[in-house]
Amino acid sequence: MPQTSKNRSASRDRKGHVILGVNVLTLGYLPAAWQWDSRLSPHAPVDPAYWQHIATVAERGTLDALFLADGPGLGNPSYDANSTRLEPSVNWAHLAAVTEHIGLIVTASTTFNDPFELAERLLSLDYASGGRAGWNIVTTRHGQAAGNFGFDVLPERGDRYKRAGEFVALVRALWDSAATGTEVDHQGEHFSLRGRLRVPPSAQGYPVLLQAGGSEAGRQLAGQWAEGVFAAELTKAGAIEHYNEVKDYAAAAGRDPDDVKILPGVLMSLGSTEEEARRRSDEIHDLGPSSYSVAWLSGALGIDASQLPLDEPFPEEVLRQALDPSFAGGSIGFRQSIVKQIRETRPTVREYLRQTRYTGSGHHGFVGTPEQFADHVEDWWRSGAIDGFNLQPDVLADGLEVIADEVVPLLRKRGLYRHEYEETTLRGHFRAASSSAASPSVAASTPEVLAR
Amino acid sequence: MTVSTPSVSSKPVGVALSGDHLAALLADRELAARLDASGLSFAVAGLDRVDGSAPSPGGHTVESTIAITTLSARVPHLGWLAAAAVHRDHPYNLARRIASADHLSGGRAGLVLGLCDGYTADGPAESAGREVWGGAGLTEGQPLGVPTTLDVAITIRDLWLSWPVESIVADRETRIYARAEQILHIDHRGAFRVDGPLTVPTTPQTAPVLAWYIRSQEEAEAAAGVADVLIVSASGRGLAPDSARVILDVPAGDPALLSCVSDPSLSAVLLRPEPDEQSLRAFLADEPAVPGASGSPSPANPDATLRERLGLPAPAPLASGRPAFPAPAPLTSR
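Residues numbered from 1 in each chain as written. Chains lettered and ligands numbered in written order. Predicted model: local features only at pLDDT ≥ 70, side-chain atom pairs only at ≥ 80, totals over all residues. Heavy atoms only, no water.

Caption draft 1: Main features of the overall build of chain A. Within chain A, the regular secondary structure consists of 17 helices and 13 strands. On the principal axes, the C-alpha backbone points of chain A span a range of 65 × 55 × 50 Å. Buried residues in chain A amount to 65% of all 452 residues. Relative to all contacts within chain A whose residues are 6 or more apart in sequence, the contacts with residues 24 or more apart total 76%. (Helix = DSSP H or I, 4+ residues; strand = E, 2+ residues; numbered from the N terminus. Buried < 20%, exposed > 50% of the residue type's maximum accessible area, 1.4 Å probe, protein only. Contact = heavy atoms within 4.5 Å.)

Caption draft 2: Structural view of the overall build of chain B. Counting its regular elements, chain B contains nine helices and twelve strands. A compact globule built from 334 residues should have a C-alpha radius of gyration of about 20 Å, and chain B, at 20 Å, falls within 12% of that. With the C-alpha coordinates aligned to their principal axes, the bounding extent of chain B is approximately 70 × 55 × 40 Å. When the 334 residues of chain B are sorted by exposure, 60% land in the buried category. Residue pairs at least 24 apart in sequence account for 71% of intrachain contacts in chain B once pairs closer than 6 positions are excluded. Mean positive and mean negative side-chain charge positions of chain B (25 and 37 charges, respectively) differ by 8 Å. (Rg over C-alpha atoms; globule rule 2.2 N^0.38 Å. Lys, Arg positive; Asp, Glu negative; His and termini not counted. Charge placed at Lys NZ, Arg CZ, Asp CG, Glu CD.)

Caption draft 3: Representation of the interface of chain B and chain A. Facing the 70 residues of chain B at the interface are 72 residues of chain A. Interface area for chain B against chain A, summed over the two sides, is near 5800 Å², with a carbon-plus-sulfur share of 58%. One can count six salt bridges joining chain B with chain A. With a closest N to O distance of 2.6 Å, Asp70 of chain A and Arg96 of chain B form a salt bridge. Where the side of chain B that touches chain A is concerned, the elements lending two or more residues are helix H1 (19–27), helix H3 (64–74), helix H4 (91–104), strand S5 (168–171), strand S6 (176–178) and strand S8 (193–194) of chain B. Sorting elements by how many residues they give to the side of chain B that touches chain A places H4 of chain B first, with eight residues. Split into classes, the residues belonging to the side of chain B that touches chain A amount to 37 nonpolar, 18 polar and 15 charged. (Buried area = accessible area lost by both parts, 1.4 Å probe. Salt bridge = Lys/Arg side-chain N within 4 Å of Asp/Glu carboxyl O. Nonpolar A, V, L, I, M, F, W, Y, C, P; charged D, E, K, R; others polar.)

Caption draft 4: Fine view of empty space enclosed by the protein. Throughout the structure, instances matching the rule amount to four cavities of 30 Å³ or more. The calculated volume of the largest cavity comes to roughly 150 Å³. In terms of lining, the largest cavity is formed by 15 residues, of which the most central are Glu117 and Glu120 of chain A together with Arg49, Ala85 and Asp117 of chain B. Elements represented by at least two residues in the lining of the largest cavity include exactly helix H4 (115–128) of chain A together with strand S3 (79–84) of chain B. In terms of residue count, H4 of chain A provides more of the lining of the largest cavity than any other element does, three residues in total. For the lining of the largest cavity, a count of residues per class yields four nonpolar, three polar and eight charged. (1 Å grid on protein atoms, 1.4 Å probe; cavity = no way out; pocket = protein on both sides within 12 Å on 5 of 7 lines; lining within 4 Å. Points joined across faces, edges and corners; volume = space filled by probe spheres on them.)

Caption draft 5: View of the packing of H4 of chain A against H3 of chain B. Axis separation between H4 of chain A and H3 of chain B bottoms out at 9 Å; the angle between their running directions is 25 degrees. In terms of their interaxial angle, H4 of chain A and H3 of chain B are classed as roughly parallel. H4 of chain A and H3 of chain B meet at a crossing whose hand is right-handed. Within the contact between the two elements, H4 of chain A uses Arg121, Ser124, Leu125 and Ala128 of chain A and H3 of chain B uses Thr65, Ile66, Thr70 and Arg74 of chain B. (Axes fitted to C-alpha atoms, helices over the stretch in contact; angles between N-to-C directions. Parallel < 35°, antiparallel > 145°, perpendicular 65-115°, else oblique. Left-handed = near helix turned anticlockwise from the far one by under 90°.)

Caption draft 6: Layout of the packing of aromatic side chains. Residue and element names in this part refer to chain A. A complete count under the given rule lists 16 aromatic pairs over all chains for this structure. Seen in terms of ring centroids, Tyr50 and Trp51 are 5.2 Å apart; in terms of plane orientation they differ by 80 degrees. Their pairing is edge-to-face. As far as burial versus exposure is concerned, Tyr50 and Trp51 are alike and both buried. When the centroid spacing of 6.1 Å and the interplanar angle of 50 degrees are considered together, the rings of Trp135 and Phe167 count as tilted. Residue Trp135 is found in strand S4 (residues 133–138), and its partner Phe167 is found in helix H5 (residues 157–180); the two are separated by 32 residues along the sequence. (Phe/Tyr/Trp six-rings, centres within 6.5 Å; stacked < 30°, edge-to-face > 60°.)

Caption draft 7: Seen up close, the pattern of salt bridges. Applying the stated criterion across every chain yields a total of 43 salt bridges over all chains. For Asp51 of chain B, the salt bridge goes to Arg272 of chain B, with nearest N and O atoms at 2.6 Å. A residue pair is termed long-range when its members are at least 10 positions apart, and Asp51 of chain B in the loop between strand S2 (42–45) and H3 and Arg272 of chain B in strand S12 (residues 268–272) qualify at 221 residues. For Arg272 of chain B, a relative accessible area of 22% corresponds to the partly exposed category. Three or more residues are tied together by salt bridges with common partners; here these are Glu87, Glu117 and Arg121 of chain A together with Glu63, Asp89 and Arg97 of chain B.

Caption draft 8: A look at unusual backbone geometry. That bond from Gly196 of chain B to Pro197 of chain B is cis: its omega, -5 degrees, falls within 30 degrees of zero. Unlike most non-glycine residues, Thr26 of chain A shows phi in positive territory, near 65 degrees. Looking at where Thr26 of chain A falls in the secondary structure, it is placed in the loop between strand S1 (19–23) and helix H1 (33–36).

Here it is, written out as structure tokens:
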């Protein structure tokens, strides 16, 4: 993909507004989240009252979507309550009953599902929620899932991606079959079936498609069919580059670039002063085992990071290996963004682990005040680096309240965010944020089942 | 249909809901509220998928685990069972969804297993005998039938018990959240190879209710050894062994109902309205919908778990297993 010289959405008077999702990593993205807020019961990860509280606060802030990451296997919960994972489509089916507006985005694997079963289930969630479902398409990179499905190791990445392409096309065809009543007759490399879905069409036709992979191939796929991308970005410059790349792919595929929303994750700790925010981040980090950050780095780079000398810079061969797409460990998108960050500042391993507390790791980090965060959102949005953010608070229980009650009002004052929900469906929320919300190109991109 | 005899008022009565019923209940909150106030004790979502019914030409489906989860929040006075077959599903995924629904409903969820899903898509002719999970394109697949379903039932039952909730200590002194060495692999090796453990701990009723819809002697014998309760149609009453707990599936409004509900050997009665939406509306419009429920719009204890409603004991813990994780050491302050 050639670099583009133009910066598509950069403008001081950019139209439309920011999209805000929340990446609900159970209790928050830090492993010690369960210890932080005294209101959290030991069983909060499976307690309907906890999830209802999160959803109520998110709707109070008129946020666009709740997003739930997933892998069908249990990580070690010895020190980390976030290893507990309700199945996402069922978790959101519960919230569908107790919320009215917020989008409900399910992570589901194309590796460990049957396309017919998943297509029916996701369309059922879309119907039950009144058209608020989204599907975050992943191929699963968590090794602990393999043993639950009869494998010793995960299928190889290239195979998982090829399978994913056919899987997604088949799911979309099956969603169409629910509306048209016409049978799908599919004979493919991975799947062969004949049949149709009988789920009633939802208010938005079918679920919104989102893509989370950060590889070159992933961005190309996203440009072709994704309506949202959960990007992994560490720097604004990198984010702008990837933003334009995906939008160019969308244009090349004959789509309106506005129809694919770029929503990088941001790991965040907020405080009433910058110092308080840093103290909060440090305290929550220090409540967890120090081995977690080493284990995280090992997983992210696909190496045993405990073998690296802590007070020396990263060995060049480790960085080179991490950039090799054929290398099996971790997520390629995360690896690229981590190596880029390490090459820019040349930290020792110890320094890097410390600095990632504030600057993020894989996703970029933000530690500061609500006012500073509003500045950050405005800067990235006006710079054409994002269409919105997927917010990842350190601890959700109190962190999400600060977002809804302090950050959102600041963004509203600046004209960057809506005061009330404008739409009732997730696809509607995405469209309403566009600069071209009322332009004819929106109708041109209407899914077939809705256009009829 | 109004039947009121004191002798039957304590027997739990449920309703079997078709795809069209579920679609209507999800779209119409007033109808859902009427179901909640009906005095019925439980509902089975999507029984028509696993009972051998042929899909009706214009009929709808809603995936059963999604349906019971949303409806259990909107219809909080009933317990909710999802009817499903491991056909294009996988036992790990299905076990996980039902256990998640059980947590989110406060222990009011269960599964009704059947041999095959009447609404799923056909695979290619050459995959005959490999329909179960074969469509996922990962493994060879297994034949539809009793042996596969029995293997699935055992796998799901064990997964539900693999993470005992007692292991969660959430100790802020030692910073240990869970005594993870108490979490067990199930290391199941049968039609499916599943290591476990599940991603959620045991539920407010220990484990969701495991029921099996029985259509043959072979099924009844297999089910009796693993399921908490068997569901049989009135005509198949003789299939269930005397020792088994039984829920009888009868057409709503059938005159035979009277003798069924007074049969002390039954755990519960499941009323089945015709599968179209209007029949459900008519069923719920009747006052009272449930024998003996006149004047008392809900079961005695709306917080009762599904096991309590059906009089089913909690399953015993897994006898043994390979610890999934090492025992955590207390963290010292740094």
